[in-house]
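This is what each chain is made of:
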Amino acid sequence: MKIQPLRSVAFRAKFLPLALTVVALALPADAGTLPEPSNPQERVGAHLFDEEHAHLLNDSVFDKISPLVLAAMPRGKAYIDYKAPSKCVPEQLKNVLNRVSAKYGPLTVNSTVRSRSRNRSVGGRDKSYHLNCQAVDFRVHGNASGLMQHLSGIKEVGGLKRYPAGYYHIDTGPRRSW
């Protein structure tokens, strides 16, 4: 057995996140996993959705990365894929999303601001916080065990909901859940 100098081991450890990122981009999403349906509604269990929440099923850049590689991504850094406008999202919600991603893994934001007609078409409420870009719907691409408890302990989060298929809603309104 050859003993490596400590400097060599530290050098390799420093470049591990970079190597994992390169591997994540090089490996197809199905490498090391069972084949998944190409339709995102089948992939996440659309039977758990009604038409009101179908807009949350947009594909994400993280859907193309193997779950094994996603699990190996270093924690402490935020990885967020916005599939909806992000410029109007309040800083307090962006900070919450950054903290969630750093702790639980990459996430995709599927819904932020909506027009009245879009809100009506997806079954949103008349006074939805999405109308004023004060709400975010997102999903976590990692182990989200304990996320609801974590979110409920953050003072910047008002409204809080977890949809059956694992999507989350947070907003800046008064503290509530439905």
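Residues numbered from 1 in each chain as written. Predicted model: local features only at pLDDT ≥ 70, side-chain atom pairs only at ≥ 80, totals over all residues. Heavy atoms only, no water.

**Q** Even after reading the chapter, I still don't get the overall build of the protein chain, so can you show me in this structure?
**A** The number of helices and strands found in the protein chain is seven helices and five strands. Reading the protein chain from its N terminus to its C terminus gives the helix and strand order α-α-α-α-β-α-β-α-β-α-β-β. Residues classed as buried in the protein chain amount to 37% of the 178 residues present. A fraction of 63% describes how many contacts in the protein chain between residues 6 or more apart in sequence connect residues 24 or more apart. A total accessible area of about 10,500 Å² is found for the protein chain, and carbon and sulfur atoms account for 57% of it. (Helix = DSSP H or I, 4+ residues; strand = E, 2+ residues; numbered from the N terminus. Buried < 20%, exposed > 50% of the residue type's maximum accessible area, 1.4 Å probe, protein only. Contact = heavy atoms within 4.5 Å. Areas by Shrake-Rupley, 256 points an atom, 1.4 Å probe, with all protein chains shown as cover.)

**Q** What should I look at first to understand the pairing of strand β3 (residues 135-140) in this one?
**A** Side chains on a regular strand alternate between the two faces of the sheet. Where burial is concerned, most of β3 is hidden: six out of the six residues are buried. Side chains of β3 alternate between two faces, with Ala135, Asp137 and Arg139 and Val136, Phe138 and Val140 buried alike. The sheet contact formed by strand β2 (residues 107-111) and β3 spans four bridges and is antiparallel. Counted as the bridge partner of Ser111 is Asp137 from β3. In this structure, β3 lies alongside strand β5 (residues 167-171), joined through five bridges in antiparallel fashion. The residue bridging Val136 from the neighbouring strand is Ile170, located in β5. (Pairing = 2+ DSSP bridges.)

**Q** Before we go on, may I ask you to explain the packing of aromatic side chains in this structure?
**A** Aromatic ring pairs are defined here through the distance separating the ring centres and the angle between the ring planes. Here the structure, examined in full by the defined rule, presents one aromatic pair. Ring geometry for Phe138 versus Tyr168: centroids 5.6 Å apart, planes at 25°, classification stacked. One end of the pair, Phe138, is in strand β3; the other, Tyr168, is in strand β5, and 30 residues separate them in sequence. (Phe/Tyr/Trp six-rings, centres within 6.5 Å; stacked < 30°, edge-to-face > 60°.)

**Q** Before we go on, may I ask you to explain the sheet that holds β3 in this structure?
**A** The five strands lie next to each other as β1-β2-β3-β5-β4, forming an open sheet whose pairing is mixed. Unpaired on one side and paired on the other, β1 (80-82) and β4 (160-162) mark the two borders of the sheet. Between one strand axis and the next, the sheet turns through 25° on average, direction left out of account. Here β4 runs beside β5; their pairing, made up of three bridges, is antiparallel. By the bridge assignment for β5, Leu160 is matched with Ile170. Strands in contact with helix α5 (residues 91-104) are β1, β2, β3 and β5; relative to β3, the strand with the most contacts, it is inclined by about 10°. (Axes fitted to C-alpha atoms, helices over the stretch in contact; angles between N-to-C directions.)

**Q** Help me understand the nonpolar core in this model?
**A** Generally speaking, nonpolar side chains in soluble globular proteins are found buried as a group. Residues Val100, Val136, Phe138, Leu147, Leu151 and Ile170 are the most contacted members of the largest nonpolar core, which totals 19 residues. Look past the residues within four positions of Val136 in its chain and what remains in contact with it is Val89, Leu93, Leu97, Val109, Ser111, Thr112, His130, Tyr168, His169 and Ile170. Membership of the second largest hydrophobic core comes to six residues, among which are Ile65, Val69, Leu70 and Tyr79. (Core = buried A, V, L, I, M, F, W, Y, C linked by side-chain atoms within 4.5 Å.)

**Q** Help me out: how do you make sense of the side chain of Ser60 in this one?
**A** On the secondary structure map, Ser60 appears in the loop between α3 (40-43) and α4 (67-72). Among the polar contacts made by the side chain of Ser60, one reaches the main-chain amide nitrogen of Phe62 at a distance of 3.1 Å. Here Thr108 takes part through its side chain, which lies 2.6 Å from a polar atom of the side chain of Ser60. Ignoring any residue separated from it by four or fewer positions in sequence, one finds Ser60 in contact with Asp81, Lys83, Thr108, Arg139 and His141. (Polar contact = N/O pair within 3.5 Å; in protein donor to acceptor, adjacent residues only side chain to side chain.)

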